[in-house]
Amino acid sequence: MFTALPYLYNILESGGVLVIDELENGLHLSLAKEIIGLFTNEESNPNNAQLICTSHQPLLLDGTYRRDQVWIACKDFCGKSILHRMNEIRSSRAKINLANKIIEGAFGCNPERFFD
């Protein structure tokens, strides 16, 4: 985290894109959510910097994110990965709990069982 902090604040001050693989890795969940919050807050992100991150933690989606801000990676039966934007997936337009839906497997992102 200490290595990434200078980059994080530099991007927020100047604008641009920051890419982080597995944002929550080694961080408390609340700290990872705070980092996302810095990018979604107009006051802390006046230059519209963009955060692109991957995560295996569906609880990071507990928040008020637009459906076009969330992408979900799914694997087919051959192991091929496919990306879907949330607004392309047919589901209710009402506010839904994305974390619960992902855990329930509603968007096809639960892995197939290897051992039966």
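To be clear, the structure that these remarks concern was listed above.
How each quantity is defined
Residues numbered from 1 in each chain as written. Predicted model: local features only at pLDDT ≥ 70, side-chain atom pairs only at ≥ 80, totals over all residues. Heavy atoms only, no water. Patch = residues over 30% accessible without salt bridge, like charges linked within 9 Å, V, L, I, M, F, W, Y side chains within 5 Å. Areas by Shrake-Rupley, 256 points an atom, 1.4 Å probe, with all protein chains shown as cover. Salt bridge = Lys/Arg side-chain N within 4 Å of Asp/Glu carboxyl O. Helix = DSSP H or I, 4+ residues; strand = E, 2+ residues; numbered from the N terminus. Pairing = 2+ DSSP bridges. Core = buried A, V, L, I, M, F, W, Y, C linked by side-chain atoms within 4.5 Å. Buried < 20%, exposed > 50% of the residue type's maximum accessible area, 1.4 Å probe, protein only. Lys, Arg positive; Asp, Glu negative; His and termini not counted. Contact = heavy atoms within 4.5 Å.

Chemist: Give me the lowdown on a nonpolar patch on the surface, citing residues and values where you can.
Modeler: On the surface, Val17, Val19 and Ile52 cluster together into a nonpolar patch covering about 260 Å² of accessible area. Of note, Val17 is situated in strand β1 (residues 17–20).

Chemist: Let's hear about the pairing of strand β4 (residues 81–85): which residues, and what values?
Modeler: Two strands pair when backbone bridges link them, and strand β3 (residues 71–75) and β4 are joined in this way by 5 bridges, in the antiparallel orientation. Across the sheet, residue Cys74 finds its bridge partner in β4, namely Ile82. Counted between consecutive antiparallel strands, the loop separating β3 from β4 contains 5 residues, among which Gly79 sits at a positive phi close to 95 degrees.

Chemist: Help me get a handle on the nonpolar core, residues and values and all.
Modeler: In terms of nonpolar packing, the biggest core is built from 14 residues, with Leu8, Leu18, Leu23, Ile35, Phe39 and Leu51 touching the most fellow members. Secondary structure elements with two or more residues in this core: α1 (5–14), β1 and α2 (29–40).

Chemist: For the side chain of Glu24, give the residues involved together with the corresponding values.
Modeler: Structurally, the position occupied by Glu24 is in the loop between β1 and α2. Put simply, Glu24 is tucked away with no salt bridge, and the nearest opposite charge, on Lys33, sits 12 Å away. Among residues more than four places away in sequence, those in contact with Glu24 are Ala32, Thr54, Ser55, His56, Gln57 and Leu60.

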